[in-house]
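What follows is the residue order along each chain.
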Amino acid sequence: MKQWEVVIGIETHAQLATCSKIFSGSSTAFGAEPNVHANAVDVALPGVLPVLNRAAVDCAIRFALAVGGEVAARSVFARKNYFYPDLPKGYQISQYELPVVVGGKLVIQFAQGDALVEKTIRLTRAHLEEDAGKSLHEDFHGKTGIDLNRAGTPLLEIVSEPDLRSSAEAVAYAKALHALVRWIGICDGNMQEGSFRCDANVSVRPFGQKELGTRREIKNLNSFRFMQQAIDYEVQWQIAEIEDGRSIEQATVLFDPQAGAAGETRAMRSKEDAHDYRYFPDPDLLPLVIARDWVEQTRAGMPELPVAKRDRLIAEHALSAYDAATLTASLDVATFFDATLAGALRQPTGASTGIAKICANWVTVDLAARLNREGLEINASPVSPAQLGDLVARIADQTISNNIAKRVFDALWNGEAESADAIIARDGLLQITDSAAIGALIDAVLADHVAMVAEFKAGKEKAFNALVGQAMKATKGKANPQQVNALLREKLG
């Protein structure tokens, strides 16, 4: 039986974070009544002329710098001709032969078994273009309405090479790209509002074959879960078609998540090629010329990029690759971690070794779990980075144990006090570290649980854990767990 290789390339439309549209002064704000944000340019009234938005170009430059692509010194806008009700001009202004960004790469990470695999995905290009309007089919008594609020919204279309080999890799790429455009501030990444949309070009070929198979393009995937489901279904469908002796026709397909157990793809139309759109340079727009000083000025304002930050966290703070990757998955999480660590290091803990790891654990595990349970983003956390940093410092200097810290965290979350120190003092939560006091408590526990002691001495290690639990219970969780373990083993011989 043939073994099949999956080949995937992704085209992504990222809505650029500008206040106005790419060729007009209309607002790009989401949620307005239909056609409120559509002026004479957007609705293509006769005689109007487009004027390029400099902020959109600056976003493209920032993206090129982030992915190591080449900023074209000269690029050209073209007319992409097709007829659809929500395209009032009868063409879309885009870039074709001479895009603003050429090349680049994106490093992705994804799980493969128990390992975290890293792979570099090449980028073909990124070009500026305007979005179309939107056809509305609901609540119009069987008719279709046209909303031109999105018409002219600035987009950066980012095209990858066909370097992806599974739905897992495709999702990892989409997530990495999504995080990057938010990180550098060129797109809000809101997939529900259409700010970040992906099209997946999927084909299969026998292993060892160099020639690409016929691709089908899955349009407008606006969630990572749907992307994985759509690609998996499409791959199995194509393999089944070929193995049954049928050929694959190039087509544009849509994913219906409601169909079947996990959704299915359905053909929408035969796939157009570039010549079908009759591209030609737009006579109303001059070539876009970007001087080197503009590029360098933009470079000076770039933040530390995720890969560089990830490497620095590993090198400077001895964090694991997994922790570093989790902390740099989004700018908001990375910023929260930095502020938490800075707050912890400001406290006189007596030692800084290991504090970064404690901070990482609290941000990516305890805080993340609570935020997820409450349905909150990290920027809306009731516990501030400064408060969490103070809490970490009290763990690091052994003022409190990690278990007691969870109680303090809950109190901070509920707004019971302004600081961890205030809660510790209020509730008398100081950790017991006096060996004599802990030893006396352990003696009492051993005397009260003779049967457990006998079980331990008979070789049952679980009995030891039970005795530790009883000792911690006797101190209401305030004893130093490491001291309890050490002293208990010593007394048990």
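All chains use their own residue numbering, which begins from 1 and follows the written sequence. Restriction of local features to residues with pLDDT of at least 70 applies here, the model being predicted, together with a cutoff of 80 or more for giving and counting side-chain atom pairs; totals for whole chains, interfaces and linings are based on all residues. Neither water nor hydrogens contribute to the side-chain values; these are computed over all heavy atoms in the structure.

Novice: Could you clarify how one ought to interpret the packing of helix 9 (residues 385-396) against helix 10 (residues 402-413) in this entry?
Specialist: Two measures define how a pair of helices packs: the angle their axes make with one another and the distance between the axes. A fitted line through C-alpha atoms serves as each axis, taken over the contacting stretch for helices, and the angle formed by two N-to-C directions is quoted from 0 to 180°. Comment: elements are numbered from the N terminus, with helices defined as DSSP H or I runs of at least four residues and strands as E runs of at least two. The geometry of helix 9 relative to helix 10 is characterised by a closest axis approach of 10 Å and an angle of 160 degrees between their N-to-C directions. Judged by the inter-axis angle, helix 9 sits roughly antiparallel to helix 10. Remark: the crossing between helix 9 and helix 10 carries right-handed chirality. Contacts between helix 9 and helix 10 involve Q387, L388, L391 and I395 from the former and N402, A405, V408, F409 and L412 from the latter. Here the term charged refers only to Asp, Glu, Lys and Arg, the term nonpolar to Ala, Val, Leu, Ile, Met, Phe, Trp, Tyr, Cys and Pro, and the term polar to all other amino acids, Gly among them. Class assignment for the residues of the contact of helix 9 with helix 10 results in seven nonpolar, two polar and no charged. Oblique is the label for any angle not under 35 degrees, not over 145, and not in the 65 to 115 range, which are roughly parallel, roughly antiparallel and roughly perpendicular in turn. We call a crossing left-handed when the near helix sits turned anticlockwise from the far one by less than a right angle, and right-handed when that turn is clockwise. Whether two residues are in contact is decided by their heavy atoms, any of which lying within 4.5 Å being enough.

Novice: Help me understand the sheet that holds strand 16 (residues 280-281), please; the structure alone is not making it clear to me.
Specialist: Across a sheet, strands are paired by hydrogen bonds formed along the backbone, either parallel or antiparallel in direction. With antiparallel pairing, three strands are arranged side by side in an open sheet as 5-4-16. Every other strand in the sheet has two partners, leaving strand 5 (91-95) and strand 16 as the edge strands with one partner each. Note: two strands are recorded as paired if DSSP finds a minimum of 2 bridges between them. Inspection of the sheet shows strand 4 (residues 77-81) paired to strand 5 by five bridges, in the antiparallel sense. The residue bridging F77 from the neighbouring strand is Q95, located in strand 5.

Novice: Is there a simple way to explain the nonpolar core in this structure?
Specialist: Side chains that are nonpolar tend, in soluble globular proteins, to be buried together. Among buried residues, the Ala, Val, Leu, Ile, Met, Phe, Trp, Tyr and Cys ones that are joined through side-chain atoms within 4.5 Å form a nonpolar core. Exposure is judged per residue with a 1.4 Å probe applied to protein chains only, and the accessible area is read against the type maximum: over 50% gives exposed, under 20% gives buried, and values in between give partly exposed. F63, L128, I158 and Y173 are the most contacted members of the largest nonpolar core, which has 68 residues in total. Considering every element that reaches this core, the biggest residue donor is helix 1 (residues 54-67), with 10 residues. Leaving out residues up to four positions away in the same chain, I158 has contacts with I10, E11, T12, A14, F63, L123, R125, A126, Y173, L177 and V181. Ranked by size, the runner-up nonpolar core spans 36 residues in total, among them L319, L341, A356 and A411.

Novice: Looking at this structure, I do not really get the pairing of strand 4. What am I missing?
Specialist: One face of the sheet, then the other: side chains in a regular strand alternate in exactly this way. In terms of burial, strand 4 is a largely internal element, five of the five residues being buried. Every second residue of strand 4 is oriented toward a common face, with F77, R79 and N81 on one face and A78 and K80 on the other, all of them buried. Bridging between strand 4 and strand 16 involves two bridges; their strand directions are antiparallel. Within strand 16, the residue paired with R79 across the bridge is F280.

Novice: Whenever I open this one, the pattern of salt bridges confuses me. Can you help?
Specialist: Side chains bearing opposite charge may pair, as long as their charged atoms lie close to each other. Think of a salt bridge as a Lys or Arg side-chain nitrogen and an Asp or Glu carboxyl oxygen that are within 4 Å of each other. By the definition in use, this model includes 31 salt bridges. Put simply, E169 and K119 hold a salt bridge, and the shortest N to O gap is 2.7 Å. With E169 in helix 2 (residues 167-183) and K119 in strand 8 (residues 115-130), this residue pair connects regions lying 50 residues apart in the sequence. Owing to a relative accessible area of 7%, E169 belongs among the buried residues under this scheme. Taking relative accessible area as the criterion, K119 reaches 22% and is therefore assigned partly exposed. In this structure, D131 and R197 form a salt bridge, with 3.5 Å as the shortest nitrogen-oxygen distance. Placement of the pair is D131 in the loop between strand 8 and strand 9 (134-136) and R197 in strand 12 (residues 196-206), with a sequence separation of 66 residues. Considered together, D131 and R197 belong to a single accessibility category, that of buried residues.

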